[in-house]
Amino acid sequence: MMQLTLIGWGAIGQAVASRLDGEPGLRLAQVIVTDRRLASVRQQLGDSVVVATQLDHALMREWQQNRDHVLVLECAGHSAIDRHVLPALAAGFECALLSIGALSEEGLPQAIEAAALSGQTQAHLLSGAIGGIDALASAQLLGLDSVHYVGRKPPMGFLGTPAEAVVDLSALTQPHVLLKASAREAARLYPKNANVAATVSLAGLGLDATQVELIADPSVTQNIHEITARGAFGEFHITLKGNPLASNPKTSALTVLSAVRFVLNQVRPITI
Ligand SMILES: NC(=O)c1ccc[n+]([C@@H]2O[C@H](COP(=O)([O-])OP(=O)(O)OC[C@H]3O[C@@H](n4cnc5c(N)ncnc54)[C@H](O)[C@@H]3O)[C@@H](O)[C@H]2O)c1
């Protein structure tokens, strides 16, 4: 039996839970929320799920002792990695992460690695909104020469970013290149748009050698991701046009599905 913990009960957390509901061999056992939402989420989920603001390591240890598969899925944000994921890894609990943009912070990938090593467990970085990460990470084993990522979104997808100081997003009539830089610089300037660039970097050439272009394009309605990678394996180019998640237009539906797929691969007899 898998005892699943979700950190974060926002658009992704709720959509993942609803997709996994009824899956044999799996139980939503624990949900971690912020103080502000504790009472309302407790009321929503009832007594069968532990709803708390901190992971209950003692309870999770009991599940492990019963030989259950204990998995923590982070779908909350940067602060949840520091507050919940690092201690959980160090205590020996396997974690899967969606807030990959946070790993652009200097030292955080190393901190995750050290915590997983000391807990003798694993941290899984999920592919989220982007596809082709399997091919990129495989190709990297033979050496990559270049990886280029282009993220194209409707202008309003860049609200609340430095783009607002550069261009009048609501008045754009042509595509506007907001940034051409390394993935590290892109994450520093556009942290809210960093998840895919960071995922591509971590699977491929790293944050400094991965080239990123961000474009506000008034002619598109989806989030469009393009990856071009070249290396000893050959070359590939993928374009992924992601539809938004109905409950949070800033999140792609594929992000939820990537987490659901990961969990199903842990409980089903054949994985793909
Ligand atoms: N990898 C990807 O491709 C990808 C794509 C989309 C979103 N994401 C990431 O997934 C995360 C969740 O996205 P969402 O659309 O569900 O956002 P959301 O805002 O709808 O939900 C996030 C929830 O997590 C809660 N939260 C924040 N910090 C917390 C903490 N320390 N402990 C417990 N709960 C906490 C918030 O209160 C909120 O309810 C974000 O970090 C986002 O960047 C990743």
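What you see is a predicted model; the values in this text were computed from it and never measured. (Residues numbered from 1 in each chain as written. Predicted model: local features only at pLDDT ≥ 70, side-chain atom pairs only at ≥ 80, totals over all residues. Heavy atoms only, no water.)

Remarks on helix 2 (residues 38-45)
Consideration 1: For helix 2, the complete set of buried residues consists of Leu 38, Val 41 and Leu 45. Take helix 2 and look down its axis: the buried residues cluster within an arc of 75 degrees, on one side only. Of the residues in helix 2, the exposed ones pointing more than 90 degrees away from the buried face are Ala 39 and Gln 43.
Consideration 2: Among the structural elements, strand 2 (26-32) and strand 3 (50-52) are those in contact with the buried residues of helix 2. (Buried < 20%, exposed > 50% of the residue type's maximum accessible area, 1.4 Å probe, protein only. Helix = DSSP H or I, 4+ residues; strand = E, 2+ residues; numbered from the N terminus. Arc of directions from axis to C-beta. Contact = heavy atoms within 4.5 Å.)

Some points on the domain arrangement of the chain
Consideration 1: Taken as a whole, the chain is organised into domain 1 (2-125) and domain 2 (133-248).
Consideration 2: The interface is formed by 11 residues belonging to domain 1 together with 11 residues belonging to domain 2.
Consideration 3: Note on domain 1 versus domain 2: buried area summed over both sides is about 750 Å², and carbon and sulfur give 67% of it.
Consideration 4: The three residues of domain 1 that bury the most area against domain 2 are Ala 11, Ile 100 and Ser 104, which together make up 53% of that side's buried surface.
Consideration 5: The salt bridge involving Arg 184 is made with Glu 106; its shortest N-O contact spans 3.8 Å.
Consideration 6: Across the contact surface, domain 1 and domain 2 share 2 residue pairs in polar contact (both at pLDDT 80 or more).
Consideration 7: No other element matches the 3 residues that helix 1 (residues 11-20) contributes to the side of domain 1 that touches domain 2. (Domains from an automatic or database assignment. Buried area = accessible area lost by both parts, 1.4 Å probe. Salt bridge = Lys/Arg side-chain N within 4 Å of Asp/Glu carboxyl O. Polar contact = N/O pair within 3.5 Å; in protein donor to acceptor, adjacent residues only side chain to side chain.)

Topic: the packing of helix 1 against helix 10 (residues 253-267)
To characterise two packed helices, one gives the angle between the axes of the helices and the distance between these axes.
Consideration 1: In contact at an axis separation of 9 Å, helix 1 and helix 10 are set at 45 degrees when each is read in the N-to-C sense. Comparing the axis directions of helix 1 and helix 10 gives the class oblique. Crossing geometry of helix 1 relative to helix 10 is assigned as right-handed. Between helix 1, through Ile 12, Ala 15, Val 16, Arg 19 and Leu 20, and helix 10, the contact on the second element is made entirely by Thr 255, Val 256, Leu 257, Ala 259, Val 260, Val 263 and Leu 264.
Consideration 2: Here the residues of the contact of helix 1 with helix 10 sort into 10 nonpolar, 1 polar and 1 charged. (Axes fitted to C-alpha atoms, helices over the stretch in contact; angles between N-to-C directions. Parallel < 35°, antiparallel > 145°, perpendicular 65-115°, else oblique. Left-handed = near helix turned anticlockwise from the far one by under 90°. Nonpolar A, V, L, I, M, F, W, Y, C, P; charged D, E, K, R; others polar.)

Here we look at the packing of aromatic side chains
What characterises a pair of aromatic rings is the spacing of the ring centres plus the angle enclosed by the ring planes.
Consideration 1: Tallied over the full model, the rule gives 2 aromatic pairs.
Consideration 2: Where Phe 158 meets Tyr 190, the ring centres are 6.2 Å apart and the plane angle is 90 degrees; that geometry is what we call edge-to-face. Note that Phe 158 is positioned in the loop between strand 7 (144-153) and helix 7 (163-166) and Tyr 190 in the loop between helix 8 (183-189) and helix 9 (194-203), a separation of 32 residues in sequence.
Consideration 3: Residue Tyr 190 is classed as buried on the basis of its relative accessible area, which comes to 4%.
Consideration 4: Across from the ring centre of Phe 158, 6.0 Å away, lies the NZ or CZ of Lys 153, which sits over that ring. (Phe/Tyr/Trp six-rings, centres within 6.5 Å; stacked < 30°, edge-to-face > 60°. Lys NZ or Arg CZ within 6 Å of the ring centre and 35° of its normal.)

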